[in-house]
Amino acid sequence: MPALPAARVPGRYRVALVCLGNICRSPTAHVVLEHRLRDAGLADRVEVASSGTGGWHVGNPMDPRAAATLSAAGYDPTRHRARQYDATWPDAYDLVLAMDETNLLDVGGRTDRVGLFRDFDPVGPGGEVPDPYYGGADGFEEVLAMVERTSDAIVAALPRALEGRA
């Protein structure tokens with residue numbers, strides 16, 4: 001697993017998560033990562049945002065199937081409202097993680113601070129988070145499993161990055 005880039009401001013870290021519409025994958029990752037950060041005692045030092053490269057769903061809540069999957073697993077998806085990606089984010093966030101290669105290209109491609117969410121997946125590093133939108137409930141459960149283990153790996157790596165070390 002690659003190291004997280006060092007914090008731009010030691011002691012503070014900002015992570016942005018990006019998918020296509022910001023109603024399935026990136027909000028699932030947003031909710032889970034924030035939950036894991038609270039559990040690890042890092043929520044006051046790490047900010048998480050999510051967005052979509054397209055603007056079709058701006059202001060809407062999460063896809064009901066994604067929300068149901070999260071709720072069934074003990075997470076609270078109710079606060080999410082879709083946002084559109086802002087091209088300034090690679091300069092404003094310590095780390096921008098796209099859910100798939102198309103999203104990665106849409107945000108300008110890979111850099112030292114921009115990559116794929118699953119670059120940090122201990123099971124399938126570098127893979128894509130598949131879009132469950134056109135499938136059944138099992139797709140949302142598969143996404144949640146990927147997001148949980150990847151979020152755990154990111155949280156485990158954050159203390160070093162927060163110190164300003166890559």
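Here the residue numbers are simple positions, counted from 1 along each chain's written sequence. Owing to the predicted nature of the model, reporting of local features is limited to residues with pLDDT of at least 70; listing and counting of side-chain atom pairs is limited to 80 or more, with chain, interface and lining totals taken over all residues. Side-chain numbers come from the whole structure's heavy atoms, not from hydrogens or water.

**Here's the deal with the packing of helix α1 (residues 25–39) against helix α5 (residues 137–162)**
Here comes step 1: Orientation is described by axes fitted as lines to C-alpha atoms, over the contacting stretch for helices, and by angles from 0 to 180 degrees between their N-to-C directions. A run of DSSP states H or I qualifies as a helix once it reaches four residues; a run of E qualifies as a strand once it reaches two. Both are numbered from the N-terminal end. At their nearest, the axes of α1 and α5 sit 9 Å apart, and the two run at 45° to each other. One finds that α1 runs oblique with respect to α5. As for the relative orientation of α1 and α5, their crossing is right-handed in sense. From α1, Arg25, Thr28, Ala29, Val32, Leu33, Arg36 and Leu37 reach across to α5, where they touch Val143, Leu144, Val147, Glu148, Ser151, Asp152, Ile154, Val155 and Leu158.
Here comes step 2: For the contact of α1 with α5, the residue count by class is 10 nonpolar, 2 polar and 4 charged. Here is the rule for angles: anything less than 35 degrees is roughly parallel, anything more than 145 is roughly antiparallel, 65 through 115 is roughly perpendicular, and the remaining ranges are oblique. By the definition used in this description, the sense in which the near helix is turned from the far one sets the handedness, with an anticlockwise turn below a right angle giving left-handed and a clockwise turn giving right-handed. The contact definition used throughout considers only heavy atoms, calling two residues in contact when any of these lie within 4.5 Å. Residues are grouped as follows: Ala, Val, Leu, Ile, Met, Phe, Trp, Tyr, Cys and Pro are nonpolar; Asp, Glu, Lys and Arg are charged; all remaining types, including Gly, are polar.

**Side note on the environment of valine 96**
Here comes step 1: By the element assignment, valine 96 lies in strand β3 (residues 95–98).
Here comes step 2: Sequence-wise, valine 96 and valine 114 are 18 residues apart; in three dimensions their C-alpha atoms are separated by 4.7 Å.
Here comes step 3: Once residues within four sequence positions are removed from consideration, valine 96 is found in contact with Ala16, Val18, Tyr85, Trp89, Pro90, Arg113, Val114 and Gly115.

**Describing the sheet that holds strand β2 (residues 46–52)**
Here comes step 1: If you trace the 4 strands from one edge of the open sheet to the other, you get β2-β1-β3-β4, paired in parallel fashion. With partners counted over all chains shown, the strands left at the sheet margins are β2 and β4 (114–116), one partner each. For this sheet, the mean inter-axis angle between neighbouring strands, taken without regard to orientation, is 25°.
Here comes step 2: Paired strands, as defined in this entry, are two strands with at least two bridges between them according to DSSP. As paired strands, strand β1 (residues 13–19) and β3 are joined by 4 bridges and run parallel to one another. The partner of valine 18 across the bridge, within β3, is alanine 98.
Here comes step 3: Contacting β1 and β2, α1 crosses the sheet at an angle of about 170° to β2.
Here comes step 4: In this fold α5 packs onto β1, β2 and β3, with an angle of close to 140° to the strand it touches most, β1.

**Things to note about the nonpolar core**
In a soluble, globular protein the nonpolar side chains are often hidden away together inside.
Here comes step 1: Counting 39 residues, the largest nonpolar core has Leu4, Tyr13, Leu17, Phe117 and Leu158 as the members making the most contacts within it.
Here comes step 2: Those elements giving two or more residues to this core turn out to be β1, α1, β2, α2 (64–72), β3 and α5.
Here comes step 3: Of all the elements, α5 adds the most residues to this core, at 11 residues.
Here comes step 4: Filtering out sequence-adjacent residues up to four positions away, leucine 17 remains in contact with Ser26, Ala29, His30, Leu33, Val48, Ala49, Ser50, Ser51, Leu97, Met99 and Phe117.
Here comes step 5: Joining through side-chain atoms within 4.5 Å is the link that ties buried Ala, Val, Leu, Ile, Met, Phe, Trp, Tyr and Cys residues into a set, and such a set is a nonpolar core. Burial status follows relative accessibility: with a 1.4 Å probe on protein chains alone, a residue under 20% of its type maximum counts as buried, one over 50% as exposed, and anything between as partly exposed. In terms of nonpolar packing, the next biggest core, distinct from the first, is built from 12 residues, Ala16, Val18, Tyr93 and Val114 among them.

**Description of the pattern of salt bridges**
Opposite charge on two side chains permits pairing when their charged atoms draw close.
Here comes step 1: In what follows, salt bridge is the name for a side-chain nitrogen of Lys or Arg lying within 4 Å of a carboxyl oxygen of Asp or Glu. Taken as a whole and assessed by the stated rule, the structure comprises 10 salt bridges.
Here comes step 2: For aspartate 121, the salt bridge identified is with arginine 149, shortest N-O distance 2.7 Å. Taken together, the positions of aspartate 121 in the loop between β4 and α5 and arginine 149 in helix α5 put the pair 28 residues apart, joining distant regions of the chain.
Here comes step 3: Judged by relative accessible area, aspartate 121 falls into the buried class, the value being 2%.
Here comes step 4: Assessed through its relative accessible area of 24%, arginine 149 is described here as partly exposed.
Here comes step 5: Connected via shared salt-bridge partners are Arg25, Asp100 and Asp131.

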